[in-house]
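Notes for the structure review
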Amino acid sequence: AQTVTQSQPEMSVQEAETVTLSCTYDTSESNYYLFWYKQPPSRQMILVIRQEAYKQQNATENRFSVNFQKAAKSFSLKISDSQLGDTAMYFCAFNPYNNNDMRFGAGTRLTVKP
Amino acid sequence: GAGVSQSPSNKVTEKGKDVELRCDPISGHTALYWYRQSLGQGLEFLIYFQGNSAPDKSGLPSDRFSAERTGGSVSTLTIQRTQQEDSAVYLCASSRRLAGGPLEETQYFGPGTRLLVL
């Protein structure tokens, strides 16, 4: 069975600074996808970034980037130049190739302080 | 439509009553998912629909839970004889994922229905 662990229930960062959210996962699969989703108070889950496991290059989306360490089964999210609108719950998710059962971590509540 | 919509946004019911939650996926999306998010928890997969194929029900927690998808579009999640532990936010997502295909396509989530069972 696949599990996803987010070891930081809550984090805070000053506006304009950089913060890293950690995520580890456990699987015997070799092909899979990893995702970071953001859930603001509106409850709308929004995809932040995704990574295909077969790609060695770390995914980047503007201020968001990941550090994917496949051997260590680690998938951290770095948010640069944090903005107040980044305040939200962040969920790490794992989905094996050709499988319907996406597994989510318990989430990290990020607060960006002015 | 512009995004996935769900109704109602909030539902309060009494223990033992049946509830129906509705999901309208993005037009053209063949894949539809239901998830449950309990307070302070991550998302729990419930069921997956792909076009007109038989759904993957492997995540449904009990036989009180059922779902259908009419015409390959709108989906309804039904919870019979609700229990207090059913209280949660129920999220629906859709994607362009093709039948038998890998999870290449991003899932787009609705705003969820917050269910409270008294």
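Throughout what follows, the structure given in this document is the object of discussion.

So, how was this worked out
- Residues numbered from 1 in each chain as written.
- Chains lettered and ligands numbered in written order.
- Predicted model: local features only at pLDDT ≥ 70, side-chain atom pairs only at ≥ 80, totals over all residues.
- Heavy atoms only, no water.
- Contact = heavy atoms within 4.5 Å.
- Buried area = accessible area lost by both parts, 1.4 Å probe.
- Salt bridge = Lys/Arg side-chain N within 4 Å of Asp/Glu carboxyl O.
- Polar contact = N/O pair within 3.5 Å; in protein donor to acceptor, adjacent residues only side chain to side chain.
- Helix = DSSP H or I, 4+ residues; strand = E, 2+ residues; numbered from the N terminus.
- Nonpolar A, V, L, I, M, F, W, Y, C, P; charged D, E, K, R; others polar.
- Phe/Tyr/Trp six-rings, centres within 6.5 Å; stacked < 30°, edge-to-face > 60°.
- Buried < 20%, exposed > 50% of the residue type's maximum accessible area, 1.4 Å probe, protein only.
- Lys, Arg positive; Asp, Glu negative; His and termini not counted.
- Core = buried A, V, L, I, M, F, W, Y, C linked by side-chain atoms within 4.5 Å.

1. Digging into the interface of chain B and chain A
Across the contact, 29 residues belong to chain B and 21 residues belong to chain A. A buried area of about 1,900 Å², summed over both sides, lies between chain B and chain A, and 47% of it is on carbon and sulfur atoms. Taken together, chain B and chain A are joined by zero salt bridges. Counting the contacts that link chain B with chain A gives six residue pairs in polar contact (both at pLDDT 80 or more). When residues of the side of chain B that touches chain A are traced back to their parent elements, those giving at least two are strand E4 (31-37), strand E5 (43-50), strand E8 (88-95) and strand E10 (113-117) of chain B. Residues of the side of chain B that touches chain A, tallied by class, amount to eleven nonpolar, 13 polar and five charged.

2. Observations regarding the packing of aromatic side chains
For any pair of aromatic rings, geometry is given as the distance between the ring centres together with the angle between the planes. If you walk through the whole model with that rule in mind, you get 15 aromatic pairs over all chains. Seen in terms of ring centroids, Tyr-37 of chain A and Phe-104 of chain A are 6.0 Å apart; in terms of plane orientation they differ by 45°. Their pairing is tilted. Placement of Tyr-37 of chain A in strand E5 (residues 32-39) and of Phe-104 of chain A in strand E11 (residues 103-104) is noted, with a sequence separation of 67 residues between them. With a centroid separation of 6.3 Å and 80° between ring planes, the pair formed by Phe-68 of chain A and Phe-75 of chain A is classed as edge-to-face. The same class applies to Phe-68 of chain A and to Phe-75 of chain A, which are both buried. Linked through ring pairs, Tyr-33, Phe-35, Tyr-37 and Phe-104 of chain A together with Tyr-33, Tyr-35, Phe-45, Tyr-48 and Phe-109 of chain B together constitute an aromatic cluster.

3. Digging into the side chain of Arg-43 of chain A
Within the secondary structure, Arg-43 of chain A sits in the loop between E5 and strand E6 (46-52). Buried charge without a partner: Arg-43 of chain A forms no salt bridge, and the closest opposite charge is Asp-24 of chain B, 14 Å away. A polar contact is formed between the side chain of Arg-43 of chain A and the backbone oxygen of Pro-111 of chain B, at a distance of 2.9 Å.

4. Describing the nonpolar core
Ranked by size, the top nonpolar core spans 25 residues in total, and within it Tyr-25, Trp-36, Phe-75, Leu-77 and Tyr-90 of chain A carry the most contacts. Looking at this core, the elements with two or more residues in it are strand E3 (19-21), E5, E6, strand E8 (64-69), strand E9 (74-79), strand E10 (88-96) and strand E12 (108-113) of chain A. No other element matches E10 of chain A, which puts four residues into this core. Core analysis: the second largest hydrophobic core is formed by 20 residues, Leu-32, Phe-49, Cys-92 and Val-117 of chain B among them.

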